[in-house]
Amino acid sequence: MSRPSEPQGGDVAQAQAALQQMSNGYWATQIIYVAAKLGIADLLKDGPRGIHALAESTETHAPSLYRLMRALAGLGVFRENEAGEYETTALGRCLASGSPGALRARTILNGEDWYTGWGGLLHSVRTGETAFDHIAGRSFFEHLAANAEAAAVFNEAMASSTEGAARAVADAYDLSQSKTIVDVGGGTGAFLAGILQANPWARGVLFDRPNVVAAAGGLLTRAGVADRCDVVAGDFFEAVPGGGDVYILSWIIHDWDDDRGVTILKNCRRAMADNARLLVIEQVIPPGNQPSLGKLYDLHMLVLSGGRERREDEYRALLAAADLQLARIIPTDVPRSVIEALPR
Ligand SMILES: C[S@@+](CC[C@H](N)C(=O)[O-])C[C@H]1O[C@@H](n2cnc3c(N)ncnc32)[C@H](O)[C@@H]1O
């Protein structure tokens, strides 16, 4: 990621414009979210449509929808043609259901549950508490367990960002000697499916909460790996399945504070034979002022689930507390690294 370059020579106007653009960021978040929620990109899949037809299909107020579409056209997400109808653009196509990357689900999360959490950043910074819990009255994962629609959006967004990560990890880390790969907190299976596709000799175990794995079958079947994959429901704060020679925790430890993180790591260590390996897949925070997506995700974790992104020394200490030793960190082509840990 990058940040706007620092204005040179005390150019106040340039500094003001750069800061204002950052500060207004949530306008775009909400504009794009409403388009995603209303399914505008899907309605424009087969060609341009006028504002009244769009308003009728989306059950919205036509003059206000027009103002939204005009702003979206200004952002380059859709475009008004010479006939005064709206058509989609390359950006708009990314908002359609089923488009690669499933950005529609992520955009809805950004405008709903994640927006809720970020709205309490000041509370988190003042108190150290998790903003989402403070605002919603329950934890983010409890909220998902109680709300099937929100869970489906979250699982789809996770699965899409994870498909690319699985390919990148499979390219960067040699799993050719692995027989059984246990994906702990593996969601609906997108990460494990990618790993099993790249390693056709291996078997997998997908482990997650009951309400999550209940929705996993379709994805594993579509990926052609269902016959090599057991699906196990449970709670990683209690125990994780045994029998794996490789354990994966992808985007799990960052969801939790140190105590909860160590509990999960200890449960993995307990399930692991002495020659098994644990791969913690996370962004590792770089030192200094360097721009890094991880530094923003760190705040995302603070407000959403009470977790954090960590530096290498912090991962080393966390693993040591669970009787595991950080062996090496392997970067991948996406902003997630493989932190390889071995029993001590
Ligand atoms: C950020 S998502 C990561 C999903 C997946 N590993 C990936 O890389 O996309 C965190 C996952 O942890 C799961 N999870 C949360 N609490 C859990 C628990 N107590 N036991 C098992 N899984 C849990 C969630 O259901 C979710 O699938």
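Residues numbered from 1 in each chain as written. Predicted model: local features only at pLDDT ≥ 70, side-chain atom pairs only at ≥ 80, totals over all residues. Heavy atoms only, no water.

A.B. asks: I'd like to hear about the packing of aromatic side chains, residue by residue, with values.
C.D. replies: Evaluation of the coordinates by the stated rule reveals ten aromatic pairs. Between Tyr-26 and Trp-27 the ring centres are 6.5 Å apart and the planes differ by 75°, which places this aromatic pair in the edge-to-face class. Taken together, the ring pairs in this structure connect Phe-132, Phe-140, Phe-141, Phe-154, Phe-236, Phe-237 and Trp-256 into an aromatic cluster. Just above the ring of Phe-237 sits the side chain of Arg-260; from NZ or CZ to the centre is 3.9 Å. The ring of Trp-251 carries the charged tip of Arg-336 above its face, separated from the ring centre by 3.4 Å. (Phe/Tyr/Trp six-rings, centres within 6.5 Å; stacked < 30°, edge-to-face > 60°. Lys NZ or Arg CZ within 6 Å of the ring centre and 35° of its normal.)

A.B. asks: Explain the pairing of strand 8 (residues 324-330) to me, and be specific about the residues and the numbers.
C.D. replies: In this sheet, strand 9 (residues 337-343) lies alongside strand 8 in antiparallel orientation, the contact comprising six bridges. Opposite Ile-330, over in strand 9, you have Val-338 as the bridge partner. Joining the antiparallel neighbours strand 8 and strand 9 is a turn of six residues. (Pairing = 2+ DSSP bridges. Helix = DSSP H or I, 4+ residues; strand = E, 2+ residues; numbered from the N terminus.)

A.B. asks: Talk me through the pairing of strand 9; I want residue IDs and the actual numbers.
C.D. replies: Counting buried positions over the seven residues of strand 9 gives six, a clear majority of the element. Bridge analysis of strand 7 (residues 277-282) against strand 9 gives five bridges, and the strand direction is antiparallel. Residue pairing across strands places Leu-278 opposite Ala-341, the latter belonging to strand 9. (Buried < 20%, exposed > 50% of the residue type's maximum accessible area, 1.4 Å probe, protein only.)

A.B. asks: Can you tell me about the side chain of His-300, naming the residues and giving the values?
C.D. replies: Note that His-300 resides in helix 17 (residues 293-304). At 3.0 Å, the side chain of His-300 and the side chain of Trp-118 are in polar contact. Among all residues touching His-300, those that are not within four sequence positions of it are Trp-114 and Trp-118. (Polar contact = N/O pair within 3.5 Å; in protein donor to acceptor, adjacent residues only side chain to side chain. Contact = heavy atoms within 4.5 Å.)

A.B. asks: Before we move on, could you go through the site of the ligand and cite the residues and values that matter?
C.D. replies: Around the ligand, the structure places 19 residues, and the nearest of them are Thr-162, Gly-185, Asp-208, Asp-235 and Ser-250. Between the ligand and Gly-185, the relevant distance is 2.8 Å, taken from a nitrogen atom to a main-chain nitrogen or oxygen of the residue. When the free accessible area of the ligand is taken as 590 Å², the share hidden by the protein chains comes to 96%. Its residues assigned to classes, the shell around the ligand comprises eight nonpolar, six polar and five charged. (Near = heavy atom within 4 Å. Areas by Shrake-Rupley, 256 points an atom, 1.4 Å probe, with all protein chains shown as cover. Nonpolar A, V, L, I, M, F, W, Y, C, P; charged D, E, K, R; others polar.)

A.B. asks: Can you tell me about unusual backbone geometry, naming the residues and giving the values?
C.D. replies: Within the chain, Trp-251 stands out as a residue other than glycine whose phi angle is a positive 60°. In this structure, Trp-251 sits in the loop between strand 6 (246-250) and helix 16 (258-271). Within the chain, Asp-323 stands out as a residue other than glycine whose phi angle is a positive 65°. Residue position: Asp-323 is located in the loop between helix 18 (312-321) and strand 8. Owing to a relative accessible area of 37%, Asp-323 belongs among the partly exposed residues under this scheme.

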